Structures are given as structure tokens and as C-alpha cells.
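Inside the fold
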Amino acid sequence: MMMKSVDIAIIGGGMVGLTLAAALAETELRVAVIEGTLPDETLNPLPDVRVSALSRASERILRRVGAWDGIISRRAAPYMAMKVWEQDSFANIGFKADDLGQPDLGHIVENRVIQLALLDRVTRQDNVELFAPDRCQSLAMGENEAWLTLESGQSLTAKLVVGADGANSWLRNKADIPLTWRDYGHSALVANIRCSEPHDGVARQIFTPEGPLAFLPLSEPDLCSIVWSLPPEKADRLVTMDEESFNKQLTVAFDNQLGLCRVEGDRAAFPLKMRYARDFAKNRIALVGDAAHTIHPLAGQGVNLGLLDAASLAEDLVSLWQQGKDIGLHENLRHYERWRKAEAAKMIAAMQGFRELFDGANPLKKLARGIGMVAADVLPGVKQQFMLRAWVLRVIYLTWQKCGKKQVL
Ligand SMILES: Cc1cc2nc3c(=O)[nH]c(=O)nc-3n(C[C@H](O)[C@H](O)[C@H](O)COP(=O)(O)OP(=O)(O)OC[C@H]3O[C@@H](n4cnc5c(N)ncnc54)[C@H](O)[C@@H]3O)c2cc1C
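Quick look at the structure, then. (Residues numbered from 1 in each chain as written. Predicted model: local features only at pLDDT ≥ 70, side-chain atom pairs only at ≥ 80, totals over all residues. Heavy atoms only, no water.)

**With respect to the site of the ligand**
In the vicinity of the ligand, 30 residues are found, and the nearest of them are Glu-35, Gly-36, Ala-53, Asp-290 and Val-303. Between an oxygen atom of the ligand and a main-chain N or O atom of Gly-302, the distance comes to 3.3 Å. Within the backbone of Asn-304, one N or O atom sits 3.2 Å away from an oxygen atom of the ligand. Compared with its free state, where it exposes 1000 Å², the ligand has 85% of that area covered by protein. Of all the elements in the fold, those that place two or more residues in the shell around the ligand are helix 1 (15–23), strand 3 (51–54), helix 4 (111–122), strand 12 (179–195) and helix 8 (302–322). Along the lines of polarity and charge, the residues of the shell around the ligand split into twelve nonpolar, twelve polar and six charged. (Near = heavy atom within 4 Å. Polar contact = N/O pair within 3.5 Å; in protein donor to acceptor, adjacent residues only side chain to side chain. Areas by Shrake-Rupley, 256 points an atom, 1.4 Å probe, with all protein chains shown as cover. Helix = DSSP H or I, 4+ residues; strand = E, 2+ residues; numbered from the N terminus. Nonpolar A, V, L, I, M, F, W, Y, C, P; charged D, E, K, R; others polar.)

In C-alpha cells form, the structure reads like this:
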């Protein structure tokens, strides 16, 4: 079979890999995307259980690459407000899009919808060739290019190979890039829940002693997608438990906030790990999205961080190309690497702070959390500044720190 030569081979045509390919439209760069599994194009009446809370920054990226209309025309639910509180406590905080002069705070979208809208876009690009369903078999490094063979027997050479192949990245392993990781000691249970009261477009999250439980509003006024972080054994029990008992436990855990809860369709649990690749770039290699980092979903930031990786890498690659520089040299990829490693590290640290802050029911710690949340709620300057950065929950953490974490504990 013929050897193909491209500038960039992107392994993984998920949300992040496809965003990178779409961001390289209108350039002369020749791009290959290798994706193992193509998504089914027909959406079910009941939304998929894997959804993402896309921030407004992510919306801007997806608009710029021409995928936003394809998302909205399929299915997406804007959320106008957010409410976070702690079980059995006065601690609570709220945000409204109106107060910030924004039309919404973001959108809840099925991952498959994002992937399908991006695929529409990428398959129309002359500079992109999609190899799917296909997977990489081997990788070899030459002086000026990398060599890839695919399971289909096709061979490729590329100046740069990008790993957008998710948390268990094949490329990261092949390239021997060490990984720092930590088990969060949680699994995330996801499901669609029909509530007896309307969600009113509000994203809600309760912190329970076992972990956070989020109810994300979907397009139907009484349907929410939940992300329930729990000790793994309990999550497994709840996934297999009969529906009636599950519904009861969920309604109680959620403080009855939307009345009675009823599960519809599948329940699934995903073990949660923090992962941070030591290198986001090497000679002829760059990592983006979950291949580079994974974080706890409690602030719903994983894919938002990944989309920013894709946009940042595209920006640097286009600039290198325009200057006639080699896009695969590590020294030319260092700017991307420093930039995105710093952003991922900040997010990982913030998630760790939250986990520690909301872990356990120590009454003093609980009091501090309450004061922190209420203070953040009534300080509009603080709240808005952080809201605009779409990093909502960090406010609670910082305010709590200001309230004298050291003295209280
Ligand atoms: C329960 C849960 C809830 C979450 N909620 C949110 C949220 O609300 N907001 C948010 O921002 N983030 C959220 N996240 C995180 C988010 O889902 C991930 O950050 C996101 O999916 C990462 O996208 P990606 O494209 O990097 O990787 P993936 O989505 O994993 O895509 C990788 C792609 O690569 C393909 N692939 C893998 N290996 C190969 C190979 N060897 N060859 C070819 N193709 C390959 C796969 O088929 C896949 O299509 C959540 C995560 C979990 C677990």
C-alpha cells in the first residue's frame, strides 16, 4: 500500500482531536485524523449519558471552527444559572447569567453531538483526510518525520504526530512519556433523570460527605443529566441496583431539590483518576486533551481545558508554519507545552483543593465552607470576576482560604 505524507497526523478523532483538525482549516497544512470508532449519526430521543458542560470560551472556539451551528441544530441545552450548596448546611452560592450580562452560562451537550458536528466540518475540509475506523499499529521516529502504520495496512509519515487519543493514550505510551497520576477514590455515576419539578435551566451541584452530585439541565424541562461522584463500590452498587431503590437514594442525596427523581435509560460508572503527562511535547510529538491530563469532573472542566489545548496548539502551529519553521521540533513546541502545562497544573491543584475542602464532615471545616460560600455569594465583584473566567467553584475555595483556613482547621 502507498505511503502517505502529511504535515500533522492526529491520533484520535474525539472532541479535542477534531477541534484541532477543524482549527487548521484555511491553512496549507495537510492533516490526517485516525479514529478508532466512528459515532452513530442517529441520535436517540433520550440523550446519551455522556455529556459535557461547555463553557462560553468553548462555545467561542467551536463557533470559530464552524461547528457550533451543527451542535445547536442537533441538541444542546443552555443553562442560565448555577446553584451550589452543601448537604445539611447553610453553605450555598448562586450565579445567574443575567447578573453578568450574558445570555447563558454555557451549554450542556452530549459528547456525541459535539463529535458529530465537528466531523461534519472536518470531512468537508480539503486539507484533512480521515482514517476511520482505523487505529495505529506502530510508530517510528526519523530525523525529520515520524512513521506510522495503521491496522488497515496504510502507512503515513508526518512532521508532527498529535496524541488526542484520550486518557489511556496509545501515543503517550508508545513515546514513553511518564505519567503522574492519582486515584481520586471516586467513580462518577452518570444517568438521565426525570424529575417531578422543572429544572428551569439551572445547573445544580450538592456537596455530600461522599462526594459531589451534579444535576445538569437538558433540553426537556424536567430531564437532567447527573454526574454523581461516589466511592467506587457504592457507585457500582447504585448502577446495578433496582430502579426504585436507586430513585429513592438519589432523591434523598439530592435534598429533594427537584422533587422525586426517576432514572430513564442506562446508568454507567467511570473510575476517576487525575493524570498529568510529564511532557506535553517531544520531538515530533504533542499531546492534547485527556491524553495530556485528566481531572475530577466536579467543576466540569475536562473537555473545556482540552478544547483550549487544541486551539492553542493550532495557533502555534500556524504561526510556526508561516515563519517556515519545523512544526515537529521540540524547541518549537515548547511554547505550547509551557502554556498548556501551566493551565492544566492550575486546574489539577484547584480540583485537589476542592476535594480536600469538601472532604469529610468535621464541623469546623463545615462552618468554614459555609462562611466561604455565603461570603462569595454576597461579594458580587469577586463572584463575577471568577464567573467570567468560567471557573465558578474556585471562588468557594479562594474565599474559604481568605476566611482563615489555617486558623479554623
Ligand atoms: C463522568 C464524566 C463527566 C464529565 N463531564 C464533563 C463536563 O461536564 N465538562 C467537561 O468539560 N468535561 C467533562 N468530562 C471530561 C471530558 O469527558 C473529557 O475531558 C473529554 O472527553 C476529553 O476529550 P478527548 O477528545 O481528549 O478524549 P476522548 O473523548 O477520550 O476521545 C479520544 C478519541 O480517540 C479515539 N482513540 C483512542 N485511542 C485510539 C487509537 N489508538 N487509535 C485511534 N483512535 C483512538 C477514541 O475512539 C476517541 O474518539 C467528564 C468526564 C467524565 C468521566
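**A short note on the nonpolar core**
Membership of the largest hydrophobic core comes to 102 residues, with the highest contact counts inside it found for Ile-10, Ile-34, Ile-71, Leu-148, Val-162 and Leu-313. At nine residues, helix 8 tops the list of elements feeding residues into this core. Formed by 22 residues, the second largest nonpolar core is a distinct cluster that contains Ala-191, Ala-253, Phe-254 and Val-263. (Core = buried A, V, L, I, M, F, W, Y, C linked by side-chain atoms within 4.5 Å. Buried < 20%, exposed > 50% of the residue type's maximum accessible area, 1.4 Å probe, protein only.)

**Looking at the pairing of strand 6 (residues 92–96)**
Covered by surrounding structure in strand 6 are Ile-93 and Phe-95 only, the residues Asn-92, Gly-94 and Lys-96 on the alternate face being uncovered. Here strand 5 (residues 81–86) runs beside strand 6; their pairing, made up of five bridges, is antiparallel. Within the sheet, the bridge partner assigned to Met-82 lies in strand 6 and is Phe-95. Where strand 5 folds back onto strand 6 in an antiparallel hairpin, the turn is made up of five residues, including Asp-88, whose phi is positive at roughly 55°. (Pairing = 2+ DSSP bridges.)

**With respect to the packing of aromatic side chains**
Per the counting criterion, the structure on display carries four aromatic pairs. An angle of 65° between the planes, with centres 5.7 Å apart, marks the rings of Tyr-276 and Phe-280 as edge-to-face. By the burial criterion, Tyr-276 is buried, and Phe-280 matches it. Through successive ring pairs, a cluster of aromatic residues spans Trp-85, Phe-215 and Phe-254. Arg-267 extends its terminal NZ or CZ atom over the ring of Phe-246, reaching a point 4.8 Å from the ring centre. In this arrangement the basic side chain of Lys-273 is found over the ring face of Trp-181, its NZ or CZ atom lying 5.2 Å from the centre. (Phe/Tyr/Trp six-rings, centres within 6.5 Å; stacked < 30°, edge-to-face > 60°. Lys NZ or Arg CZ within 6 Å of the ring centre and 35° of its normal.)

**Concerning helix 6 (residues 232–240)**
Taken as a whole, helix 6 has its buried residues at Lys-234, Ala-235 and Leu-238. Each buried residue of helix 6 sits inside an arc of 100° when the element is viewed along its axis, so together they form one side. Seen from the open side of helix 6, the exposed residues pointing more than 90 degrees away from its buried face are Glu-233 and Thr-240. For helix 6, the secondary structure elements touched by its buried residues are strand 12, strand 15 (223–230), helix 7 (243–253) and strand 16 (261–277). (Arc of directions from axis to C-beta. Contact = heavy atoms within 4.5 Å.)

**A short note on the layout of surface pockets**
Reported here for the second largest pocket is a volume of approximately 200 Å³. Lining the second largest pocket, in full, are Ala-23, Ile-61, Arg-64, Val-65, Ala-311, Ala-314, Glu-315 and Val-318. Breaking the lining of the second largest pocket down by element, the ones donating at least two residues are helix 2 (56–64) and helix 8. Ranked by residue count, the leading element in the lining of the second largest pocket is helix 8, at four residues. Grouping the amino acids of the lining of the second largest pocket by side-chain chemistry returns six nonpolar, no polar and two charged. (1 Å grid on protein atoms, 1.4 Å probe; cavity = no way out; pocket = protein on both sides within 12 Å on 5 of 7 lines; lining within 4 Å. Points joined across faces, edges and corners; volume = space filled by probe spheres on them.)

**Focus on the environment of Arg-278**
Inspection of the secondary structure assignment puts Arg-278 in the loop between strand 16 and strand 17 (281–282). Taking the C-alpha atoms as reference points, Arg-278 and Pro-178, separated by 100 residues in sequence, lie 5.6 Å from one another. Discounting residues that sit within four places of it in the chain, Arg-278 has contacts with Ile-177, Pro-178 and Lys-341.

**A closer look at the sheet that holds strand 12**
Adjacent strands of a sheet form backbone hydrogen bonds with each other and so pair up, either parallel or antiparallel. The eight strands are arranged 6-5-13-14-15-12-16-19 in an open sheet whose pairing can be described as mixed. Of all the strands in the sheet, just strand 6 and strand 19 (293–294) have a single pairing partner and so form its edges. Judged from the six bridges that link them, strand 5 and strand 13 (residues 202–208) form a sheet pairing that is parallel. Looking across to strand 13, one finds that Trp-85 is bridged to Ile-206. In this fold helix 7 packs onto strand 12, strand 13, strand 14 (211–217), strand 15 and strand 16, with an angle of close to 65° to the strand it touches most, strand 16. (Axes fitted to C-alpha atoms, helices over the stretch in contact; angles between N-to-C directions.)

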